[in-house]
Amino acid sequence: MATPLFSVPGSRNNQIVMERIAAVRLPAIFQWPETAEAGALAGYGPRFADMYRQRARIAVKILRGAKPADIPVEIPDRYELVINLKAAKAIGHEVPAGLVLRADEVIE
């Protein structure tokens, strides 16, 4: 379910997926922190906004004349772990305290 077709935060497909995982009480973890904010158990990865900023910087380099082949591949420089304790409680899942302590954001 990590495909952007299903997990893009804010999309209609994401809303349907969140409704389904809540209905079947599935402890779903996604690649975008925003999905935990939308109702999934957890999300770990870069923020969508950060990814778009990174793509914009690359586009600017190309528009200024850089050859795409000369631009190095970039990876996100910040990953976030967001845990949704509200969703965990709704599905009857207990999140280990150590994991909650390591989270960048906890939704209660």
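Residues numbered from 1 in each chain as written. Predicted model: local features only at pLDDT ≥ 70, side-chain atom pairs only at ≥ 80, totals over all residues. Heavy atoms only, no water.

1. So, the packing of aromatic side chains
Our working definition: In summary, the pairing rule links any two rings of Phe, Tyr or Trp, Trp by its six-membered ring, whose centres are within 6.5 Å, and it sorts them by plane angle into stacked for under 30 degrees, edge-to-face for over 60 and tilted for everything else. For helices the rule is a DSSP run of H or I covering at least 4 residues; for strands it is a run of E covering at least 2, with both sets numbered from the N terminus onward. Type-normalised accessible area, obtained with a 1.4 Å probe on protein chains alone, sets the label of each residue: buried when under 20%, exposed when over 50%, and partly exposed for intermediate values.
Counting across every chain of the model gives 3 aromatic pairs. Seen in terms of ring centroids, Phe48 and Tyr52 are 5.7 Å apart; in terms of plane orientation they differ by 70°. Their pairing is edge-to-face. Linking Phe48 with Tyr52, this pair stays in helix 4 (residues 48-63), spanning 4 residues, or about one helical turn. Judged by relative accessible area, which is 14%, Phe48 ranks as buried. Among the residues examined, Tyr52 registers a relative accessible area of 48% and is labelled partly exposed. Taken together, the ring pairs connect Trp32, Phe48 and Tyr52 into an aromatic cluster.

2. Remarks on the pattern of salt bridges
The condition that has to hold: Definition used for salt bridges: Asp or Glu carboxyl oxygen within 4 Å of a side-chain nitrogen of Lys or Arg.
This model, assessed by the stated rule, comprises 7 salt bridges. In this structure, Arg47 and Glu80 form a salt bridge, with 3.1 Å as the shortest nitrogen-oxygen distance. Within this pair, whereas Arg47 is found in the loop between strand 2 (42-45) and helix 4, its partner Glu80 is found in strand 3 (residues 80-84), the two being separated by 33 residues in sequence. The exposure class of Glu80 is buried, given its relative accessible area of 8%. Between Glu74 and Lys61 there is a salt bridge whose closest N-O contact spans 3.5 Å. Remark: Lys61 occurs in helix 4 and Glu74 occurs in the loop between helix 4 and strand 3; sequence separation between them is 13 residues. By relative accessible area, Lys61 is classed as partly exposed at 36%.

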